[in-house]
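Reading the structure
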Amino acid sequence: MTTQSVPTTRALASVPATDVLDVLDRRTGRHYELPITNGTIKAMDLRKIKAADGDFGIMSYDPAFMNTASCTSRITFIDGDKGILEYRGYPIEQLAEKTTYLETAFLLLEGELPTRARHDAWVAEVTHHTMLHENVKDLMAGFRYDAHPMGMLASMVAALSTFYPEARQIRDPEARRAQVVRLVAKMPTLAAFAYRHAMGLPYVYPRNDLGYCGNFLQMMFRMTDSPYTVDPVLEKALEVLFILHADHEQNCSTSAMRAIGSSEVDPYCAAAGAIGALYGPLHGGANEAVLRMLAEIGSVANVPAFVKEVKSSGGHLRLMGFGHRVYKNYDPRARIIKLMADQVFEVTGRNRLLDIAVELERIALQDEYFLERRLYPNVDFYSGLIYQAMKFPVDMFPVLFAIPRMSGWLAQWQEMLGDAEQKIARPRQVFLGPARRAFVPFEQRR
């Protein structure tokens with residue numbers, strides 16, 4: 001599900017801020033003028049179009065929000081036709097190359113890149129809040145040994161709201177900011193604890209001398225009391241992956257964060273709902289599907305036959321990791337990840353599935369069938385290969401998506417709270433059920 005933010009293309013900036021759409025209702029012969037602003041008409045203006053004076057008025061019908069803007073936003077800009085992704089105006093390529101995840105998170109949340117002093121203060125603040133209340137371990141102990149880490153993460157994020165009751169004061173700027181810092185800081189710790197619980201390993205506590213991603217790696221993989229050395233290449237790879245996943249406009253989980261948050265619930269419960277949305281295989285689990293597909297192909301020699309089968313299946317067999325609801329060109333995140341993969345594999349050893357992926361991409365990008373449908377590799381095509389090479393289990397893949405996306409969710413949540421046009425989310429429906437009828441007692445039912 002992807003609801004669009006406005007504007008979705010900068011080309012709209014060249015047209016007048018307000019224009020008019022002329023509508024002729026052939027049922028009544030009436031003519032209506034609907035103002036156009038930023039390439040949109042307000043859905044409520046359609047209510048003016050009525051067949052009779054007592055009529056409810058016209059509604060738009062748009063399952064999955066294929067062409068509906070649910071908000072205005074200044075956070076993330078995507079031009080899917082050109083393969084452009086920007087955070088607060090900065091190209092994703094520059095951020096991935098020149099910043100850390102926490103610097104990018106600050107940009108998303110505050111709207112500007114930090115000065116050195118503000119950056120250092122922000123990093124120190126996040127580092128200070130990475131620890132969890134000891135009672136969280138007792139809660140985590142209640143999960144089965146085989147509990148999925150994503151289910152555990154959603155549950156524990158929601159549970160944090162009970163540790164910080166002031167989080168309900170969402171209109172208090174200081175209280176709100178405190179929860180933002182806590183959520184960004186505690187996500188890696190919660191994620192690592194969920195993994196260690198599933199593996200039956202003792203929890204590893206955060207270290208203040210490590211960076212955000214390095215700290216997460218040591219909490220995941222440290223096996224003894226001796227110091228854990230973080231490989232700088234793997235740490236940088238994780239920084240880049242976290243930056244690429246930090247926000248992506250009004251996707252399913254972000255829409256969930258905004259919709260739940262519109263009820264003015266605390267951000268922990270709203271974020272738990274967003275994590276639930278991300279849990280789905282069509283969203284946060286897509287890179288796992290890529291790995292399964294590559295494993296099923298089995299070898300480079302089998303790639304041509306697989307591609308042929310995809311083309312002849314009538315859409316029943318999909319090329320996982322190709323195509324995107326938004327991007328109709330090469331996903332800019334996929335280009336960055338592909339370059340990063342080579343550096344990671346120099347450290348971890350080459351993933352045996354990489355050669356299959358490279359050949360699959362080569363053939364698909366030369367085939368008119370895929371080019372006509374504008375099916376290009378997306379962010380999920382190579383990210384799973386990197387995570388697997390770094391020894392993350394497949395069940396952790398959506399968790400690795402949720403950790404960085406928290407900053408984007410919170411930025412979107414804050415923006416929603418400050419938007420005077422926003423109200424509690426409450427979509428309309430088209431009712432196709434039975435007409436009004438009288439209750440039937442048991443003895444008269446058939």
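As a starting point, this report considers the structure included with it. (Residues numbered from 1 in each chain as written. Predicted model: local features only at pLDDT ≥ 70, side-chain atom pairs only at ≥ 80, totals over all residues. Heavy atoms only, no water.)

Points about the packing of aromatic side chains
For the structure shown, the criterion picks out 15 aromatic pairs. Arranged with centres 5.2 Å apart and planes meeting at 35 degrees, the rings of Tyr101 and Tyr212 form a pair that is tilted. Note that Tyr101 is positioned in helix α2 (residues 101-110) and Tyr212 in helix α7 (residues 212-221), a separation of 111 residues in sequence. Like Tyr212, Tyr101 is buried. Seen in terms of ring centroids, Phe106 and Trp122 are 6.0 Å apart; in terms of plane orientation they differ by 70 degrees. Their pairing is edge-to-face. Of this pair, Phe106 sits in helix α2 while Trp122 sits in helix α3 (residues 116-128); the two residues are 16 residues apart in sequence, bridging distant segments of the chain. On the basis of relative accessibility, which here comes to 3%, the residue Phe106 falls in the buried class. The ring of Phe56 has Arg47 lying over it, and the distance from NZ or CZ to the ring centre is 3.9 Å. We note Arg445 situated over the ring of Phe442; from NZ or CZ to the ring centre the distance is 4.3 Å. (Phe/Tyr/Trp six-rings, centres within 6.5 Å; stacked < 30°, edge-to-face > 60°. Helix = DSSP H or I, 4+ residues; strand = E, 2+ residues; numbered from the N terminus. Buried < 20%, exposed > 50% of the residue type's maximum accessible area, 1.4 Å probe, protein only. Lys NZ or Arg CZ within 6 Å of the ring centre and 35° of its normal.)

Some words on empty space enclosed by the protein
In this structure the tally under the stated criterion is one cavity of 30 Å³ or more. Computed from the structure, the largest cavity encloses a volume of approximately 80 Å³. Thr127, Thr130, Gly211, Tyr212 and Asn215 are, among the 13 residues lining the largest cavity, the residues nearest its centre. Those elements that provide at least two residues to the lining of the largest cavity are α3, α6 (173-199) and α7. A per-class count over the lining of the largest cavity returns seven nonpolar, five polar and one charged. (1 Å grid on protein atoms, 1.4 Å probe; cavity = no way out; pocket = protein on both sides within 12 Å on 5 of 7 lines; lining within 4 Å. Points joined across faces, edges and corners; volume = space filled by probe spheres on them. Nonpolar A, V, L, I, M, F, W, Y, C, P; charged D, E, K, R; others polar.)

With respect to helix α5 (residues 149-163)
For α5, with 15 residues, the first-to-last C-alpha span of 21 Å sits near the 21 Å given by 1.5 Å per residue. Residues of α5 that are buried include every one of Pro149, Met150, Met152, Leu153, Ala154, Met156, Val157, Ala159, Leu160 and Ser161, and no others. Along its buried surface, α5 packs onto α4 (135-140), α6, α10 (267-279) and α17 (397-417). (Expected span 1.5 Å × (residues − 1). Contact = heavy atoms within 4.5 Å.)

Examining the environment of Phe77
Structurally, Phe77 is set in strand β5 (residues 76-79). Overall, Phe77 belongs to the buried group, its relative accessible area being 11%. Between the C-alpha atom of Phe77 and that of Ser263, which follows or precedes it by 186 residues, the distance is 26 Å.

Brief notes about a nonpolar patch on the surface
Nonpolar side chains collect at one region of the surface, where Phe56, Met59, Tyr61, Val430 and Leu432 lie side by side and expose about 560 Å² of accessible area between them. For Met59, the location among the structural elements is in the loop between β3 (30-37) and β4 (69-72). For Met59, a relative accessible area of 33% gives the class partly exposed. (Patch = residues over 30% accessible without salt bridge, like charges linked within 9 Å, V, L, I, M, F, W, Y side chains within 5 Å. Areas by Shrake-Rupley, 256 points an atom, 1.4 Å probe, with all protein chains shown as cover. Salt bridge = Lys/Arg side-chain N within 4 Å of Asp/Glu carboxyl O.)

Some points on the nonpolar core
Ranked by internal contacts, the top residues of the largest apolar core, which has 119 residues, are Tyr212, Phe216, Leu360 and Phe392. Considering each element in turn, this core owes the most residues, 13 residues, to α17. Excluding anything up to four places from it in sequence, Tyr212 contacts Tyr101, Leu102, Val126, Val184, Met187, Pro188, Phe242 and Ile403. (Core = buried A, V, L, I, M, F, W, Y, C linked by side-chain atoms within 4.5 Å.)

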